[in-house]
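Chain by chain, the residues run as shown.
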Amino acid sequence: MDGEISPDEVKELVEDDADVRIVDIRDERSFDHSHIPDSENIPFDRLMDRIEELEGEDHIVTVCPHGKASVQAAQLIGTYEGTADARVESMAGGLDKYGMKFGLVREDDGEDDEAERESPF
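Conventions adopted
Residues numbered from 1 in each chain as written. Predicted model: local features only at pLDDT ≥ 70, side-chain atom pairs only at ≥ 80, totals over all residues. Heavy atoms only, no water. pLDDT = per-residue confidence, 0-100. Contact = heavy atoms within 4.5 Å. Buried < 20%, exposed > 50% of the residue type's maximum accessible area, 1.4 Å probe, protein only. Helix = DSSP H or I, 4+ residues; strand = E, 2+ residues; numbered from the N terminus. Arc of directions from axis to C-beta. Salt bridge = Lys/Arg side-chain N within 4 Å of Asp/Glu carboxyl O. Polar contact = N/O pair within 3.5 Å; in protein donor to acceptor, adjacent residues only side chain to side chain. Pairing = 2+ DSSP bridges. Right-handed = clockwise from strand over helix to strand, strands pointing away.

Caption draft 1: Summary view of the confidence of the model for the protein. Scored by pLDDT, the protein has a mean of 91; 88% of the residues are at 70 or more. Segment residues 109-118 is flagged for pLDDT under 50; beyond a separation of four residues in sequence, or across chains, it makes 21 contacts in the model.

Caption draft 2: Helix H4 (residues 69-79), seen in detail. Regarding H4, the residues found buried are Ser70, Ala73, Ala74 and Ile77. End-on view of H4: buried residues confined to an arc of 100 degrees, all on one side of the axis. Those residues of H4 hidden inside the fold are in contact with helix H3 (47-50), strand S4 (59-63) and strand S5 (87-91).

Caption draft 3: Here's a closer look at the pattern of salt bridges. Within the structure shown, the criterion is met by seven salt bridges. Across the salt bridge formed by arginine 26 and aspartate 24, the nearest N and O atoms sit 2.8 Å from each other. For arginine 26, a relative accessible area of 5% translates into the label buried. The network of salt bridges with common partners includes Arg21, Glu40 and Glu57.

Caption draft 4: Representation of the side chain of glutamate 57 within the structure. Its location among the elements puts glutamate 57 in the loop between H3 and S4. In terms of polar contacts, glutamate 57 uses its side chain to reach the side chain of arginine 21, at 2.8 Å. Every residue in contact with glutamate 57, bar those within four places of it in the chain, is listed here: Arg21 and Ala86.

Caption draft 5: A look at the pairing of strand S2 (residues 21-24). Across the two faces of S2 the burial is the same, with Arg21 and Val23 and Ile22 and Asp24 all buried. As paired strands, S2 and S4 are joined by four bridges and run parallel to one another. Residue pairing for S4: aspartate 24 is matched across the bridge by valine 63. Bridging between S2 and strand S3 (residues 40-41) involves two bridges; their strand directions are parallel. Bridging from a neighbouring strand, aspartate 24 pairs with asparagine 41 of S3. Crossover handedness for the path S2 to helix H2 (residues 28-33) to S3: right-handed.

Caption draft 6: Structural view of helix H1 (residues 7-15). For H1, every residue scored as buried is listed here: Pro7, Val10, Leu13 and Val14. The buried residues of H1 occupy an angular sector of 115 degrees when projected down its axis, which confines them to one face. The secondary structure elements touched by the buried residues of H1 are strand S1 (4-5), S2, S4, S5 and helix H5 (94-102). The first or second residue beyond H1 is aspartate 17, which carries a positive phi of 55 degrees.

Laid out in structure tokens, this is it:
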């Protein structure tokens, strides 16, 4: 793991359409409720089974509700041989901080340009 990244930096990566994989480690139901635009859901309890999907990536950011479990996920991803050359970071403050500042998208509205400002919980 290469440390933490701020919600502001993650927002900038999303807006710049940067080459980054944002991995939301919450359960599928929580992810479907709200998430960061262009992020993907790999629940923490399935991370070991799906870690090969991240092989060869240059930059990976893990996110969770409060920025604690995502640190563990980033550490786990960082130890995988297929991501040895990747920059792997955890988003500080989690989705709660990101969502309150920038809003999150919901699957049911189908629009990611007008994210609502709410906590993901």
